Amino acid sequence: MLALLLVHLVAGVLAPVLVRWWGRQAFLLLALVPAAGFVWTMLHLRAVLAGDDVRESVSWIPALDLDVALRLDALALTFAALVTGVGALVFLYCARYFEPDDEGTGRFAGNLTAFAGSMLGLVLADDMLLLYVFWELTTVFSFLLIGGSGRRLAARRAASQALILTTAGGLAMLVGLIVIGQASGSFLLSEVVADPGSGGAMVAGTALVLAGAVTKSAMVPFHFWLPAAMEAPTPVSAYLHAAAMVKAGIYLVARLAPGFADVPGWRPVVLGLGLATMLVGGYRALRQNDLKLLLAFGTVSQLGFLLVLVGAGSRELAAAGLAMTVAHALFKSTLFLTVGVVDHSTGTRDLRKLSGLARRLPVLAGIGLLAGASMAGVPPMFGFVGKEAAFTALWEGGLPSRAAAAGELTGLVLGSILTAAYTLRFLWGAFARKPGVAPTELAHPPGALFLTAPALLAVLGLVAGPASPVLAPLVDGYAETLPLLAPEYEELALWHGLQPALALSAVTLLGGAALFALRTPLNRLQRRLAVGASADEGYWNVVQGLDRLSVLVTGTTQRGSLPAYLGTILVVVLALPGTILLTRAPWPGEWRAWDTPVQAMVGVVVITAALLALRIRQRLSAVLVVGVTGYGSAVLFVLQGAPDLALTQFLVETLTLVVFVLVLRKLPKDITERHRPRERAVRGVIAVAVGAFMGVVGAVVLATRTATPVSADYPEEAFEFGGGKNIVNVTLVDIRAWDTLGEISLLVVAATGVASLVFLRGRTGGVDRFSDDGTPRPRPQAGRAPRNRWLAATATLDPARRSVVLEVITRILFHTITVFSIYLLFSGHNEPGGGFAGGLVAGLALVLRYLAGGRYELGEAAPVAPGLLLGAGLLFAGGTGVGGLLLGGEVLQTAILETDLPVFGHIKLVTSLFFDIGVYLIVVGLVLDVLRSLGAELDRQEDESDPVELEPGEVVVR
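A quick note: this is a predicted structure, and the numbers were derived from the prediction, not measured.

K.L.:
Before we go on, may I ask you to explain the overall build of the protein in this structure?
P.N.:
When its secondary structure is counted, the protein shows 38 helices and six strands. Over its C-alpha atoms the protein spans a radius of gyration of 33 Å, differing by no more than 12% from the 30 Å that the globule rule assigns to 958 residues. On the principal axes, the C-alpha backbone points of the protein span a range of 100 × 80 × 75 Å. Every one of the 958 residues in the protein was classed for burial, and the buried ones make up 48%. Considering only contacts in the protein between residues 6 or more positions apart, those separated by 24 or more positions represent 78%.

Written out as structure tokens, the structure is:
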């Protein structure tokens, strides 16, 4: 199972490359990934039907007792078959849905493949926290798929709406899962459902989990996000919003129902919201003129139906619910794919403009008719089998209360009448010939491959009806985990004889036909009864209200004064931890000012520099003096025997100075702001107090140590566990690898934030390079370029800004510094260095090239987008964790490989080196991003805002 998920991950990463190579034909290859998952699922069908669960568990984070626990039972197998089977056909459909020159197809393919893997992981997860991880991954990828390229406002709004609602529900669900796990004593779904426990915590946790389920599956009042998400391409609608993502909430309710159906509040929420959603969605579907929106509201209605069935907590309704889930995935994905063909072939989805397509597209009309018949519950379609099973269960009293069963049955019959009515509206709108409407012309007749996926799904819906007894054992495998509430239970079958459920099915079809026949007066009545308020408008009103509230709170509390913000934080530190330090902390018995007099000398220099920084009025001079304090700290590290910390501190301080200098170009030269003596005195008191507080904290912490520090065993463990002698580096890439992975992720986020604030036209801007003919492409500059250049792009600089000495030094040292950075990378496991220090050194080499030759010289030195380095580095570092699993260890655990080579001798390789390479790439990408945003981009903006005025006789260098 884990291998299947990893295959989806790899395929998602490679998908953009495959699309770039082979165009839309790459979808045919990508379809093999979910197809392989479907085959694997079917191979385990016999074992699951025999009552055996297929389990797989891999240690993930042992310290937190987190495992990648996967489980395949009857319920998981059913949903996994839908996710993989329908997914493979949707990929097949994409091979003809997209045009060969469509922009963003590679990105779409990667996101869709990753979503398929996330959804598969969701239904296979047995650990509740792992389930939440996959739950949120489906949210993220659905956001990317709905938003597309981000160029259309409607798509962006729909994507953000879906993201906000489902993420809010997901966060509530996370809290609920944690509460349930703590209350039950286990985070494994199989164990929790078997013995859920009781009490107020369990009731609260259950309510929070249901909040996540109802938002994910678009229940009232959160139903509006699903129709808005129809801005996504049709394959997304057919897969995410018919067969996969919106089923996640249904799956979670079905998974928990055997143990939680009797928890107080479960049935009122599930049955009430499900029934209300079915009626609201069906009623709204009758008003739609866009075929896709009609199906979207129909999906909302059917999801409410499914929630009632799978959440009722009885064996007979659970069996009907699981059968109806399969039927819905088949017919609704078919109908969405059918709409895609109609839209692709005619250029419109407006049923008022479509006429006579049944004659022009008879095969497609037949496909739509089969799927529509299943949706309406017409025999012998599988949708009829599931709906009749539901009616039978409720007629026989499939709920603890006969009155509740009668009420639910009445509501479901009314909802089914609406379903039959909007099914007829869909078929009539898409394929019928309408009086007064010219026959629709075909712009692109569909090919055979384009119709293959919807045709197979429609035929499956037809075959599954008569073959429902074959599916009964799988359905019963899950249903038997729930109690039997009805006196008599009948297994799935197409024909049970003349019984009340059959009469109710006939009522729904006749009622739907009557509503469709009265569609004109019904539409007038709906317009007359329409109210101005809606859930969608309510959502946007709430969002706007929160925006206004945030502006008010921000304007009240954030006054734009950095000293005020910092002073408030420091005063709180002094008031709370400072009070505890003075009153409760054990103070050292003796004090030692320094170990050597050199430390005292360095301390004097640092204090002097800090005092000078208070008096200097020029910004650049103040930054340089503040830098002295940082370098002084690095010297103290050297004196204490910490070369790694010292090297990192030196490099970080140097890079910080560079960033400050780049920023100061946009600020006045002098610090003109003057403060009253009283304000300066208050700030001085706070600064001295905080400095003294931190010094005392350090002394107290050292004095309170009673046990042997854990670092005492680090030298031996670093070599045995991590295969290295540099304790600091081994700690970062082995012992505390998860911390480091989180920190470099924050670096990527920080770099993205900085670039996004500076760049106006793109995430990273363009890479300034020379033209192919050797001539530069800078802003036109006055003057003549020198004939001899030490660096490639110095001709683009104004001669007044050039420094020949700096150019010569850069030419000599750049490659040496770069090689030294690589040496630090590879030697860091045993000597001072590592990926972080090596990346900083390489970054400083790029800084040198930029300072010597400007933005075009930077483009020549690093002709690559920073985002590519950042993403590759994060992928490289994270992929190392997978390597540990493949080699039989834990995530991010180092594997030591030793061998003897003829020339090189004994070779020892640790896999954490690849983690360090990822860190190296991220740091280089970060520095490059800073130079591109705060350096090159600001240079470009200045060039555009300050055009060159040529004097007579001057020459333009291009």
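K.L.:
Looking at this structure, I do not really get the pairing of strand 5 (residues 905-910). What am I missing?
P.N.:
Across a regular strand the side chains alternate sides, sitting on one face of the sheet and then on the other. As paired strands, strand 4 (residues 896-901) and strand 5 are joined by six bridges and run antiparallel to one another. Directly across from I896, in strand 5, lies its bridge partner V910. Once strand 4 ends, the chain turns through three residues before running back antiparallel as strand 5.

K.L.:
Would you take a moment to explain helix 13 (residues 247-260) for this structure?
P.N.:
Residues lying three or four places apart along an α-helix face the same way, a consequence of the helix completing one turn every 3.6 residues. A rise of 1.5 Å per residue sets the reference length of helix 13, with its 14 residues, at 20 Å; its end C-alpha atoms lie 19 Å apart and thus fit the reference within 8%. With 13 of 14 residues buried, helix 13 is to be regarded as a mostly interior element.

K.L.:
Looking at this model, I keep getting lost on a nonpolar patch on the surface. Mind explaining?
P.N.:
On the surface, a nonpolar cluster with roughly 430 Å² of combined accessible area is contributed by L9, V10, V13, L14 and L875. With four residues, helix 1 (residues 2-22) is the largest single contributor of residues to the nonpolar patch. The topology assignment puts L875 in helix 37 (residues 866-886).

K.L.:
Which parts of the structure should I look at to understand the packing of aromatic side chains?
P.N.:
Describing an aromatic ring pair means giving the distance of the ring centres and the angle of the ring planes. Per the counting criterion, the structure on display carries 16 aromatic pairs. Between F820 and Y823, the aromatic rings sit 6.3 Å apart at their centres with planes inclined by 20°, giving stacked as the arrangement. Separated by three residues within a single helix, F820 and Y823 lie in helix 35 (residues 804-827), roughly one turn from each other. Judged by its relative accessible area of 40%, F820 is partly exposed. Residue classification places Y823 among the partly exposed positions, given a relative accessible area of 48%.

K.L.:
Mind showing me how you'd approach unusual backbone geometry here?
P.N.:
Negative phi values dominate among residues other than glycine, just as trans dominates among peptide bonds. Looking along the chain, the bond that leaves V220 and enters P221 is cis, with omega of 5°. The residue P221 is located in the loop between helix 10 (200-216) and helix 11 (225-228) in this model. Omega for the peptide link from P379 to P380 comes to 5°, which places this bond in the cis form. Relative to the helices and strands, P380 resides in the loop between helix 18 (362-376) and helix 19 (382-395). Backbone geometry places A218, a non-glycine residue, at a positive phi of 60°.

K.L.:
Teacher, can you tell me more about the pattern of salt bridges here?
P.N.:
Close approach of charged atoms allows side chains of opposite charge to pair. The tally for this structure, following the rule as stated, stands at 15 salt bridges. The partner of E231 in a salt bridge is R152, with the nearest N and O atoms 2.8 Å apart. Of the two residues, E231 sits in the loop between helix 11 and helix 12 (234-243) while R152 sits in the loop between helix 7 (128-147) and helix 8 (153-184), which places them 79 residues apart along the sequence. Bridged by salt links that share partners, the residues D53, R55, R71, D73, D126 and R255 form one connected network.

K.L.:
Looking at this model, I keep getting lost on the packing of helix 16 (residues 315-346) against helix 19. Mind explaining?
P.N.:
When two helices pack together, their arrangement is given by the angle between the helix axes and by the axis-to-axis distance. In contact at an axis separation of 8 Å, helix 16 and helix 19 are set at 160° when each is read in the N-to-C sense. It follows from the interaxial angle that helix 16 and helix 19 lie roughly antiparallel. For helix 16 against helix 19, the interelement crossing comes out left-handed. Side by side, helix 16 and helix 19 meet where E316, L317, A320, A323, M324, V326 and A327 of the first sit next to F382, G383, G386, K387, A389, A390, A393 and L394 of the second. Residues of the contact of helix 16 with helix 19, tallied by class, amount to eleven nonpolar, two polar and two charged.

K.L.:
Hey, could you run me through the environment of R107 in this one?
P.N.:
Structurally, R107 can be placed in helix 6 (residues 105-124). For R107 and V19, which are 88 residues apart along the polypeptide, the C-alpha to C-alpha distance reads 8.8 Å. Beyond its immediate sequence surroundings of up to four residues, R107 is in contact with G148 and S149.

K.L.:
I would appreciate a short explanation of the side chain of T78 in the present structure.
P.N.:
Residue placement: T78 occurs in helix 5 (residues 74-97). Not counting residues within four places of it along the chain, the set of residues in contact with T78 comprises L322, V326 and L474.

K.L.:
Would you take a moment to explain the environment of V923 for this structure?
P.N.:
Locating V923 in the fold gives a position in helix 38 (residues 912-945). A relative accessible area of 2% means that V923 is categorised as buried. Sequence-wise, V923 and G873 are 50 residues apart; in three dimensions their C-alpha atoms are separated by 8.6 Å. Discounting residues that sit within four places of it in the chain, V923 has contacts with F836, G839 and L840.

Calculation rules
- Each chain carries its own residue numbering, running from 1 in the written order of its sequence.
- Restriction of local features to residues with pLDDT of at least 70 applies here, the model being predicted, together with a cutoff of 80 or more for giving and counting side-chain atom pairs; totals for whole chains, interfaces and linings are based on all residues.
- Side-chain measures here rest on the full set of heavy atoms in the structure, leaving out hydrogens and waters.
- Numbering of helices and strands runs from the N terminus; a helix is a DSSP stretch of H or I covering at least four residues, while a strand is a stretch of E covering at least two.
- Based on C-alpha atoms, the radius of gyration is set beside the globule rule, defined as 2.2 Å times the residue count to the power 0.38.
- A simple rule labels every residue: compare its accessible area, found with a 1.4 Å probe on the protein chains alone, to the largest value its type can have, and call it buried under 20%, exposed over 50%, or partly exposed in between.
- Any two residues having at least one pair of non-hydrogen atoms within 4.5 Å are treated as being in contact.
- What makes two strands pair is DSSP finding at least two bridges between them.
- What a helix is expected to span follows from its residue count: subtract one and scale by 1.5 Å.
- Patch membership requires over 30% relative accessible area and the absence of a salt bridge. Like charges are linked within 9 Å, and nonpolar side chains (Val, Leu, Ile, Met, Phe, Trp, Tyr) within 5 Å.
- With residues, only the protein chains shown are counted as cover, and all accessible areas are computed by Shrake-Rupley using a 1.4 Å probe.
- Put simply, a salt bridge is a Lys or Arg side-chain nitrogen that is within 4 Å of an Asp or Glu carboxyl oxygen.
- Side-chain rings of Phe, Tyr and Trp, where Trp is taken by its six-membered ring, are said to pair if the distance between their centres is within 6.5 Å; with planes under 30 degrees apart they count as stacked, over 60 as edge-to-face, and otherwise as tilted.
- Axes, fitted as lines to C-alpha atoms, cover a helix only where it is in contact. Angles between the N-to-C directions of the axes lie from 0 to 180 degrees.
- Small angles under 35 degrees read as roughly parallel and large ones over 145 as roughly antiparallel, with 65 to 115 read as roughly perpendicular and the rest as oblique.
- Crossing chirality is assigned from the near helix's rotation relative to the far helix, an anticlockwise turn below a right angle marking it left-handed and a clockwise turn marking it right-handed.
- Polar here means any residue outside two lists: the nonpolar Ala, Val, Leu, Ile, Met, Phe, Trp, Tyr, Cys and Pro, and the charged Asp, Glu, Lys and Arg; Gly therefore counts as polar.

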